[in-house]
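Remarks on the overall topology
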Amino acid sequence: MSRRTETILMNALVIVVALFTAFPLVWMLSVSFMSPGEASVFPPPLWPANATLENYVELFARGGVGRYVFNSFLISTCATLLALTFNVTAGYAFAKMRFAGRDAVFGILLGALIIPAQVGMMPLFLMLKSMGIINTYAGALVPWIASVFGIFLVRQFALSIPDEMIEAARVDGASEFRIFRSIIMPVLTPVLVTVALFTFLTSWNDFMWPLIVLTGEQNYTLPVALAALSREHVQDNEMMMAGAVITTIPVLLLFLALQRFYIQGMLSGSVKG
Amino acid sequence: MKRSATGWLFAGPAVLAIFVFFFIPATAALILSLTDFDIYALADIRNLRFVGLRNYAELLQLPLFWLALGNTLYFVFVGVPLSLAASLGAAMLINSKLVRFKPLYRTIFFAPFVMTLVAAAVVWRYLLHTRYGMANYGLEQIGLQPIDWLGDPAWAMPSIILFAIWKTFGYNMIIFLAGLQSIPQDLYEAARIDGASRWQQFRHVTLPGLTPVLLLTGVLTMAQYFQLFAEPYVMTQGGPAQRTVTVLYFMYEQGFKWWNLGSASAVAFVLFVFMFIFTMLQFAIARPPRGRA
C-alpha cells in the first residue's frame, strides 16, 4: 500500500468514526427545532422544515424547566464552591504539612475508592431523613462537600511545590493561613480550575443521588426532571430532544472552553497516578 | 505539636465530611443489611428487627435477583472489552502520523462522555425507536431488516452496550493516547528494521507498552460498568422481560420504590463483593509471572 493510499484510508476512517460519534448530538439539536410530530414519521427528516423554538417555549412555559435549570445551576455551583474549599485545603495539607496520622488517614481515604458510592446510599438517606434535609438542596449537596479524588488531585499537584518556598515564608513570620492564601493558592490555580470543572460537570450530570434525595418535583435537577418528563412524554420526541439540549449544552460548552484543564486532570488522576 | 494542629485544621473538615457522609453510611449499610428495615421501620423505628443473614438468603432464592446479576455480568463482560477495544482503536487512529485535524477528532470523540447521561439516553432511545428511529432507517438503507432495539428481549442489552460504548470510549481513548505517546519510537524503529509486520509491531511493542494503562482502564471501566443504572432507568425501565434489570436497578427499586432498605443494602453489598473479586482477579491476571517481569 502506498503512503498516499494509506493516508487517504486513515483519514477516511477517522472521518467516518467522527460522523458516527457526532451524529446523535447533531441529530438531537436538529430535531429539537422541528415542530411537534414532525420527527415521528418514517423516514425521519434530517433537518426541520421550518425551524421553530416551539419545543423550548413549551418546556419553559408549561414544563417548568426554568425551575430545573435554576436548581441544577444552584446545586452544581454550590457543589463546586464546597469542593474547592474542602478538597484544596486538605490536598495541600496532605502534600505539604506534617501532622499526626497523616499517612494513615490518607491511605484509608484512598482505600475508600474501591467502595462504590451506592453501598452507603440507604443509610445516608436515613441519616439525612433524621436530620430533616431530604428533598432540600442541602441533601443533594452532601456527597459533594469533599471527594477523595479531588483531594488526591490537589495533593499530586501540591507535591511539586518546593518546600523552600514555604519554609522561606515561615522564616519571614507568615502564618500558615497567609502562606496558603498568598503563596499556595496562586501556584495551585490550574488545579483549582480542574477541581472546579470536574465537580461542576459531575454534579450537573449526576443522576442517582438527586433522584433519591430530591423527592419533590420543585427541587428536581435537570437530569431527574428530564428522566421524569421522558417517561410521561414518550411520544413527544421533538420536545424531549429540546429537553436533552437544555440539559447538555451548559456542560458541553463549559468543557469545550476548559478542555485543556479537564484532560490534564484526567491524566494526572490516572496515568501518572 | 502546633504544626500537627494546623495540619488537621486544613485537612480535618474534608476528612470529617468523608467520614460522616461516606464511611459511616457504608459501614452502617452492613448493619442495615442484617435487619428487616422496611416501610414499617421507616414509620416507627421500633418495628426494626435484627434478622441476621435472612436478607441474603432470601435474595439467593429470588429469580429476579439472579437475573439482575446475570444481566449486569453480561453488560460488564461484553461491554468492557468492546469499550476498551473501541478506545484503543480510536486512540491509534488519532495517534497516527497520517491523520490530520487531530484536536478536532479528539474533541468529537470525547464529547459524548461529557454529555449528561440521562440526556444521551433520551436521545438514543429515540434513535433506536422501532418505527421512527434513525438506526432502523440506516439498516433499511443498507438492505437489512429493522431491529426492535429496545423492545426485543434479545436486543435490549446489546443496544444498551452499544450506547454505553458510544458514551464512554472517548474517556479511555485520552488515557490510551497518553500511553501510546509514552512508548519510545525507537522500539518501533527497531521492530521495523527486524522486519516486523504491522500486527507484530502492535502485538510485541504497542500492547506490552500499554499493559499498565490497560490494567488501570480495565479496572476503572469495569467498576463503572458494574454500576449500570440510569440507562435502563431511562431507556427500558428494566424491560423487556426484565432483561435490562441490573443489580443497581434492582437495588433502587427494592430500596426506594418498595422501601425495603435492609434488603437493598444486602444487594449493595453483594454488588460490592462482586466488584471487589473481579478487580482483584484483574490485578492477579495482569501481574506478570515470576521471573519475567
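Quantities reported herein were computed from a predicted structural model and do not represent experimental measurements.

Listed per partner, the contact involves 84 residues of chain B and 97 residues of chain A. Of the roughly 8200 Å² buried at the junction of chain B and chain A (both faces included), carbon and sulfur atoms supply 79%. Among the residues of chain B in contact with chain A, B:Phe10, B:Leu98 and B:Tyr126 are the three that bury the most area, contributing 10% of the side total. Across the contact surface, chain B and chain A share one salt bridge. For the salt bridge of B:Arg198 with A:Glu6, the shortest nitrogen-to-oxygen distance reads 3.1 Å. Counting every contact that joins chain B to chain A gives 15 residue pairs in polar contact (both at pLDDT 80 or more). The element contributing the most residues to the side of chain B that touches chain A is helix 1 (residues 2–32) of chain B, with 22 residues.

In the numbering adopted here, UniProt assigns the feature "transmembrane region" (unreviewed entry) to residues 7–32, 73–95, 107–127, 160–184, 205–226 and 258–285 of chain B. A distance of 22 Å separates the end C-alpha atoms of residues 107–127 of chain B, which is 90% helix and 0% strand.

Let us now look at the packing of helix 12 (residues 247–257) of chain B against helix 13 (residues 261–286) of chain B. All names here are of chain B. Where helix 12 contacts helix 13, the axes come no closer than 7 Å and their chain directions differ by 160°. One finds that helix 12 runs roughly antiparallel with respect to helix 13. For the pair helix 12 and helix 13, the sense of crossing is left-handed. Side by side, helix 12 and helix 13 meet where Val247, Leu248, Phe250, Met251, Gln254, Gly255 and Phe256 of the first sit next to Leu261, Ser263, Ala264, Val267, Ala268 and Leu271 of the second. Here the residues of the contact of helix 12 with helix 13 are counted per class, giving ten nonpolar, three polar and no charged.

Looking along the chain, the bond that leaves A:Phe42 and enters A:Pro43 is cis, with omega of -5°. Here A:Pro43 shows up in the loop between helix 1 (3–32) and helix 2 (54–61). In this chain, B:Gly239 is followed by B:Pro240 through a cis amide linkage whose omega measures -15°. Structurally, B:Pro240 can be placed in the loop between helix 11 (230–235) and helix 12.

Residues and elements named next belong to chain A. Among the surface-exposed residues, Leu29, Ile249, Leu253 and Leu256 lie close enough to one another that they form a single nonpolar patch of about 330 Å² accessible area. Ranked by residues supplied to the nonpolar patch, first place goes to helix 12 (residues 237–270) with three residues. Mapped onto the fold, Leu253 is located in helix 12.

Reading the values: the criteria
Along each chain, the written sequence defines residue order, and numbers are assigned to residues from 1. Written order decides the labels, with chains lettered from A and ligands numbered from 1. Given that the model is predicted, a residue must reach a pLDDT of at least 70 before its local features are reported, and side-chain atom pairs must reach 80 or more before they are shown or counted; all residues, however, enter totals for whole chains, interfaces and linings. Values shown for side chains rest on all heavy atoms present in the structure; no hydrogens or waters enter the calculation. Between two residues, a contact is recorded if the distance between any of their heavy atoms is within 4.5 Å. Defined here as a combined quantity, buried area equals the accessible surface (1.4 Å probe) lost by two parts on assembly, summed across both. The salt bridge criterion pairs a side-chain nitrogen of Lys or Arg with a carboxyl oxygen of Asp or Glu, the two atoms within 4 Å. We define a polar contact as two N or O atoms separated by no more than 3.5 Å, with the added condition that, inside protein, one atom must be a possible hydrogen donor and the other a possible acceptor, whereas residues neighbouring each other in sequence contribute only through side-chain atom pairs. Helix numbering and strand numbering both begin at the N terminus, where a helix is a DSSP run of H or I of at least 4 residues and a strand a DSSP run of E of at least 2. UniProt positions are given in the numbering used here, feature names are shortened, and annotations may be inferred rather than shown by experiment. For helices, the fitted axis covers only the stretch in contact; all axes are lines through C-alpha atoms, and the angles between them, taken along N-to-C directions, range from 0 to 180 degrees. Here roughly perpendicular refers to angles of 65 to 115 degrees, roughly parallel to angles under 35, roughly antiparallel to angles over 145, and oblique to all remaining angles. The crossing is said to be left-handed when, going from far helix to near helix, the turn is anticlockwise and less than a right angle, and right-handed when the turn is clockwise. Here the nonpolar group is Ala, Val, Leu, Ile, Met, Phe, Trp, Tyr, Cys and Pro; Asp, Glu, Lys and Arg are the charged ones; every other residue, Gly included, is treated as polar. Note on patches: the residues involved have over 30% relative accessible area and no salt bridge, like charges join within 9 Å, and the nonpolar side chains Val, Leu, Ile, Met, Phe, Trp and Tyr join within 5 Å. Only the protein chains shown count as covering a residue, and every accessible area follows the Shrake-Rupley method with a 1.4 Å probe.

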